[in-house]
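# Commentary on secondary and tertiary structure
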Amino acid sequence: DFYKEQAQLVPARGVDLTLLAPPPPPSPPVALHTLSAADSGKRVTVTGMVVESAHFAAGFKFTLDDGSGRVRLVLFERTYDGLTGPEALNVGATVTATGQIDAFANELQLIPGGGSDVEIVAGARDLKDYALGRLSGNDHNAIVRVRGTLESVQNASGGLEWLLKDDTGVQKIRLDRVVAERVMKRL
């Protein structure tokens, strides 16, 4: 196959690949400020705190900060699903990850090969519970935890819409497909 005009071998099945030796042990973590686009293709280990999280059509992105710089940790669905305790991976968590550096859209990314390449050293900070009726436009981009009774679930373009209710009010929650699939498995 070809990607960005470079030839790549793409085995169709796991049995099409034979490892002749174990992979090298992970290198010690590097400081994030030392990484640049010139490191594309390099395999490195980093440690940092998650300061932002987002999802995209094929997985999840977490911005790691080690105090010296930042890198975007990209976990494709298969990698995310291979994590031990993925619910602990959110803003405030400390993570050590080994993967390949890539520069995509002027952003450095670290792409682990599998869930075993990501260790959640410390889970996300405790979040304050919010009453549904207290949420407002002032909470835009805030990370909140809400609890309530699931009143309805409806299909929406690219995911699901939930109607969640507590003693203070009702809120609509939109889950894009990549999130909805994982949440519904746990219900």
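Residues numbered from 1 in each chain as written. Predicted model: local features only at pLDDT ≥ 70, side-chain atom pairs only at ≥ 80, totals over all residues. Heavy atoms only, no water.

### Here's the deal with the overall build of the protein
- A count of helices and strands for the protein gives two helices and 13 strands.
- For the protein, the spread of C-alpha atoms along the three principal axes comes to 60 × 40 × 30 Å.
- Taken over 187 residues, the protein has a buried fraction of 30%.
- Across the protein, contacts joining residues at least 24 apart in sequence account for 48% of those joining residues at least 6 apart.
- As displayed, the protein has an accessible area near 12,000 Å², and 53% of this comes from carbon and sulfur atoms.
- Side chains of the protein give 20 positive and 23 negative charges; the mean places of these two sets differ by 2 Å. (Helix = DSSP H or I, 4+ residues; strand = E, 2+ residues; numbered from the N terminus. Buried < 20%, exposed > 50% of the residue type's maximum accessible area, 1.4 Å probe, protein only. Contact = heavy atoms within 4.5 Å. Areas by Shrake-Rupley, 256 points an atom, 1.4 Å probe, with all protein chains shown as cover. Lys, Arg positive; Asp, Glu negative; His and termini not counted. Charge placed at Lys NZ, Arg CZ, Asp CG, Glu CD.)

### Considerations on a nonpolar patch on the surface
- Taken together, the side chains of L150, V153, M184 and L187 present a nonpolar region at the surface, about 350 Å² in accessible area.
- One can find M184 in helix 2 (residues 177-186). (Patch = residues over 30% accessible without salt bridge, like charges linked within 9 Å, V, L, I, M, F, W, Y side chains within 5 Å. Salt bridge = Lys/Arg side-chain N within 4 Å of Asp/Glu carboxyl O.)

### Quick look at the packing of aromatic side chains
- Taken as a whole, this structure holds two aromatic pairs when the rule is applied.
- Judged by centre distance (4.3 Å) and plane angle (35°), the ring pair of F60 and Y80 falls under tilted. In this pair, F60 sits in strand 4 (residues 59-65) while Y80 sits in helix 1 (residues 77-81), placing the two residues 20 residues apart along the sequence.
- Exposure remark for F60: the relative accessible area of 9% places this residue in the buried category.
- Directly above the ring of F56 sits K61, whose terminal nitrogen or CZ lies 5.2 Å from the centroid. (Phe/Tyr/Trp six-rings, centres within 6.5 Å; stacked < 30°, edge-to-face > 60°. Lys NZ or Arg CZ within 6 Å of the ring centre and 35° of its normal.)

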